[in-house]
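Single-letter residue listing:
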Amino acid sequence: MSEQLSEPLHGVRGAALIVRFLLELALLTGAAVVAWRLGPDGWRWAVMVLAPLAVAVFWGLFLAEKARVVLAEPVRFVLETALFLGVGAGLIAVGLTWPAAVGVALWAADRIILAVTKNG
């Protein structure tokens, strides 16, 4: 799910890429938690597995560095934003406000750092 690395991780950008990877894992975990909490009793295990799988497939198709479907950067940003805010909203809906707020704030800060350090 993470950005393809063509050089070793170092400096602020390297740290931001590591944080990005961890945030992507948190996104999948958040999707599983929301699915578990909101899923119907008899289907909780299934939706808990399928929700992060759907997010991962979506990410791989549209948002990954080597995505099958090449989209313009602004479109990719909007889709990524929708995923993180959507999972954040789901976490808030199930009563996990602090993890949602921290996750979205870290994601936003990381996106800013990656944008600022893109050509540096």
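Our structure's up above, just so we're on the same page.
Residues numbered from 1 in each chain as written. Predicted model: local features only at pLDDT ≥ 70, side-chain atom pairs only at ≥ 80, totals over all residues. Heavy atoms only, no water.

Caption draft 1: A look at a nonpolar patch on the surface. A surface patch of nonpolar side chains, amounting to about 360 Å² of accessible area, comprises Ile-18, Phe-21, Leu-22 and Leu-25. Among the structural elements, Ile-18 can be located in helix H1 (residues 11–38). For Ile-18, a relative accessible area of 43% corresponds to the partly exposed category. (Patch = residues over 30% accessible without salt bridge, like charges linked within 9 Å, V, L, I, M, F, W, Y side chains within 5 Å. Areas by Shrake-Rupley, 256 points an atom, 1.4 Å probe, with all protein chains shown as cover. Salt bridge = Lys/Arg side-chain N within 4 Å of Asp/Glu carboxyl O. Helix = DSSP H or I, 4+ residues; strand = E, 2+ residues; numbered from the N terminus. Buried < 20%, exposed > 50% of the residue type's maximum accessible area, 1.4 Å probe, protein only.)

Caption draft 2: A look at the packing of H1 against helix H3 (residues 73–93). Where H1 contacts H3, the axes come no closer than 9 Å and their chain directions differ by 45°. By the criterion of interaxial angle, the relationship of H1 to H3 is oblique. Along this stretch, H1 crosses H3, giving a crossing that reads as left-handed. Taken together, the residues of H3 that come into contact with H1 (itself represented by Arg-20, Leu-23, Glu-24, Leu-27, Gly-30, Ala-31, Val-33 and Val-34) are Glu-80, Leu-83, Phe-84, Val-87, Gly-90 and Leu-91. Among the residues making up the contact of H1 with H3, the classes are represented as nine nonpolar, two polar and three charged. (Axes fitted to C-alpha atoms, helices over the stretch in contact; angles between N-to-C directions. Parallel < 35°, antiparallel > 145°, perpendicular 65-115°, else oblique. Left-handed = near helix turned anticlockwise from the far one by under 90°. Contact = heavy atoms within 4.5 Å. Nonpolar A, V, L, I, M, F, W, Y, C, P; charged D, E, K, R; others polar.)

Caption draft 3: Fine view of the nonpolar core. With 15 residues, the main nonpolar core has Leu-27, Val-55, Trp-59, Leu-83, Phe-84, Val-87 and Leu-91 as its most contacted residues. Mapped by element, the contributors of at least two residues to this core are H1, helix H2 (44–63), H3 and helix H4 (97–116). By residue number, the principal contributor to this core is H1, which donates five residues. With residues up to four places along the chain from it excluded, the contact list for Phe-84 reads Leu-23, Glu-24, Leu-27, Trp-59, Val-104 and Trp-107. (Core = buried A, V, L, I, M, F, W, Y, C linked by side-chain atoms within 4.5 Å.)

Caption draft 4: Representation of H4. Under the 1.5 Å per step criterion, the end-to-end length of H4 is 29 Å for 20 residues, consistent within 8% with the ideal 28 Å. Tucked into the core, H4 has its buried residues touching H1 and H3. (Expected span 1.5 Å × (residues − 1).)

Caption draft 5: Examining the pattern of salt bridges more closely. Taken as a whole, this structure holds six salt bridges when the rule is applied. Between Arg-20 and Glu-24 there is a salt bridge, with the nearest N and O atoms lying 3.3 Å from each other. Note that Arg-20 and Glu-24 are positioned in helix H1 at a spacing of four residues, about one turn of the helix. The same class applies to Arg-20 and to Glu-24, which are both buried.

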